[in-house]
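# Reading the structure
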Amino acid sequence: MQVNFEEVNFVYNPETPYENKVLKNVSLEIPSGSFTAIIGKTGSGKSTLIEHINGILIANSGSVKLNNFTIEKKKTRKENKLLEKNLVKIREKVAMLFQFSEQQLFANTVLEDIMFAPINYGISKEDSEKRAYELIEMIGLNKEYLKKSPFELSGGEMRKVALCGVLAQSPDILILDEPFIGLDFKSKNELMNLINKIYREQNITIVFITHDMEFVLKYATDIVIMKNGEVVVKTKDKDEFVDILSKEEYNLSLPEIIDFQNALKERGVVLSKLHYDYESLLKDIMSRLEQKNE
Ligand SMILES: Nc1ncnc2c1ncn2[C@@H]1O[C@H](COP(=O)(O)OP(=O)(O)O)[C@@H](O)[C@H]1O
Ligand SMILES: [Mg+2]
């Protein structure tokens, strides 16, 4: 599903002393099937932006289009009621995993938690249960986990279960707002691999807010940088992205893999290109070593 922001302006607490103009004339296309990373300093408006995709927030002016459906402020009560009704359907297709998604868990068992959304959207109990069994396996947890209380699990496991919970509704778009916050290195990598697996195996669009430039470089197909409520960069070009990070203009850190390649360059090692992941970098270094040994 494609998303189009058209001249979106959003103000928190309008016409009060707390008025805060957060999104400023944002126009942005999120292509269907993309893995779009949204990055930018804390407070730049990333969460506010993505909450417009399923109508949690509605623009004060401008609109958000999802395929043929438009989310925008309506004038009459009747129109607003109809919009609310349609948003229920939209939210089935646009799933959102918030920061600290373990807080989205609530049921007595993992099974009930995963089955909640599909049942809520009118899928039979049988099919919802089947889906829960498939999903728990897909995320690499034993099916015994379905009987456990979600609150017995480790932090990383809870996030995985929360992810199952939103995948159970078979969304077209999966929005992840800083999904790794507070996780240790291992859990973070596991969850990232899982998200990438979902992206590769399911026909899904991913919108991903993160501060992890390493993952952006490795997995994103489209990169969006926000600053002070505006989209200041939109690119598919990773070399351009690295250039932008190097300039420190947006206060974003350079991934370690780029620092490492810069260090090699300084020592006179010539690589075939700039690498975005370690496997590819390692292959390049190995082939250079082999050439040397011949
Ligand atoms: N519920 C809210 N009420 C008022 N202001 C808010 C609210 N949520 C966020 N803001 C403000 O909006 C701005 C953007 O916040 P946010 O979208 O959360 O940015 P990010 O996700 O990039 O950190 C910040 O100045 C923040 O203080
Ligand atoms: Mg945020």
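Residues numbered from 1 in each chain as written. Chains lettered and ligands numbered in written order. Predicted model: local features only at pLDDT ≥ 70, side-chain atom pairs only at ≥ 80, totals over all residues. Heavy atoms only, no water.

Let us now look at a negative patch on the surface. On the surface, Asp 237, Asp 239, Glu 240 and Asp 243 cluster together to form a negatively charged patch. Along the chain, Asp 237 turns up in the loop between strand S10 (230–235) and helix H8 (238–246). On the basis of relative accessible area, Asp 237 is assigned to the partly exposed category, the value being 39%. (Patch = residues over 30% accessible without salt bridge, like charges linked within 9 Å, V, L, I, M, F, W, Y side chains within 5 Å. Areas by Shrake-Rupley, 256 points an atom, 1.4 Å probe, with all protein chains shown as cover. Salt bridge = Lys/Arg side-chain N within 4 Å of Asp/Glu carboxyl O. Lys, Arg positive; Asp, Glu negative; His and termini not counted. Charge placed at Lys NZ, Arg CZ, Asp CG, Glu CD. Helix = DSSP H or I, 4+ residues; strand = E, 2+ residues; numbered from the N terminus. Buried < 20%, exposed > 50% of the residue type's maximum accessible area, 1.4 Å probe, protein only.)

So, about the domain arrangement of the protein. Reports of interface size often rely on the accessible area that becomes lost once the parts have come together. Considered domain by domain, the protein is made up of domain 1 (3–104 + 172–249) and domain 2 (255–294). Taken together, the 8 residues of domain 1 in the interface contact 9 residues of domain 2. Carbon and sulfur atoms supply 67% of the area that domain 1 and domain 2 bury against each other, a total of about 750 Å² over both sides. Looking only at domain 1, the three residues that lose the most surface to domain 2 are Glu 214, Leu 217 and Lys 218, adding up to 57% of its buried area. In this structure, the connection of domain 1 to domain 2 is made through 1 salt bridge. When the shortest N-O distance is used, the salt bridge between Lys 218 and Glu 279 registers 3.9 Å. (Domains from an automatic or database assignment. Contact = heavy atoms within 4.5 Å. Buried area = accessible area lost by both parts, 1.4 Å probe.)

Attention now moves to the site of ligand 1. Around ligand 1 sit Tyr 12, Asn 13, Asn 20, Val 22, Lys 41, Thr 42, Gly 43, Ser 44, Gly 45, Lys 46, Ser 47 and Thr 48, and those are all the residues in its vicinity. Separating a nitrogen atom of ligand 1 from a side-chain N or O atom of Tyr 12 is a distance of 3.4 Å. Within the side chain of Thr 48, one N or O atom sits 2.5 Å away from an oxygen atom of ligand 1. Relative to its unbound accessible area of 560 Å², ligand 1 is 61% covered by the protein chains. Within the residue set of the shell around ligand 1, elements represented by two or more residues are strand S2 (20–30) and helix H1 (46–50). No other element matches H1, which puts 3 residues into the shell around ligand 1. Across the shell around ligand 1, the residue classes break down as 2 nonpolar, 8 polar and 2 charged. (Near = heavy atom within 4 Å. Polar contact = N/O pair within 3.5 Å; in protein donor to acceptor, adjacent residues only side chain to side chain. Nonpolar A, V, L, I, M, F, W, Y, C, P; charged D, E, K, R; others polar.)

Right, let's talk about helix H2 (residues 77–93) for a bit. Taking 1.5 Å as the rise per residue, H2 with 17 residues should run 24 Å; its terminal C-alpha atoms sit 25 Å apart, in good agreement. Taken residue by residue, H2 has Leu 83, Leu 87, Ile 90 and Glu 92 as its buried positions. Close packing links the buried residues of H2 with strand S4 (61–66), strand S5 (69–71) and strand S6 (94–97). (Expected span 1.5 Å × (residues − 1).)

Time to look at the nonpolar core. Ile 114, Leu 163, Leu 174, Ile 195, Ile 206 and Phe 208 are the most contacted members of the largest nonpolar core, which has 40 residues in total. Elements with a minimum of two residues in this core: S6, helix H3 (110–120), helix H4 (125–138), helix H5 (155–167), strand S7 (173–177), helix H6 (185–201), strand S8 (205–209) and helix H7 (213–219). Considering every element that reaches this core, the biggest residue donor is H5, with 7 residues. Those residues in contact with Ile 195 that sit more than four places away from it in its chain are Phe 35, Leu 163, Leu 176, Pro 179, Phe 180, Ile 206 and Phe 208. Counting 30 residues, the second largest nonpolar core, distinct from the first, contains Phe 10, Val 22, Leu 49 and Ile 209. (Core = buried A, V, L, I, M, F, W, Y, C linked by side-chain atoms within 4.5 Å.)

With that settled, consider the layout of surface pockets. If you add up the space inside the largest pocket, you get close to 380 Å³. What lines the largest pocket is a set of 21 residues, among which Met 96, Gln 104, Ala 117, Val 166 and Gln 169 lie closest to the centre. Looking at the lining of the largest pocket, the elements with two or more residues in it are S6, H3 and H5. The residue makeup of the lining of the largest pocket, split by class, is 14 nonpolar, 5 polar and 2 charged. Considered as a void within the structure, the second largest pocket measures approximately 330 Å³ in volume. What lines the second largest pocket is a set of 15 residues, and nearest its centre among them are Phe 185, Asn 189, Glu 214, Phe 215 and Tyr 278. Among the secondary structure elements, those contributing two or more residues to the lining of the second largest pocket are H6, H7, helix H9 (256–266) and helix H10 (278–293). Residues belonging to the lining of the second largest pocket are distributed by class as follows: 6 nonpolar, 2 polar and 7 charged. (1 Å grid on protein atoms, 1.4 Å probe; cavity = no way out; pocket = protein on both sides within 12 Å on 5 of 7 lines; lining within 4 Å. Points joined across faces, edges and corners; volume = space filled by probe spheres on them.)

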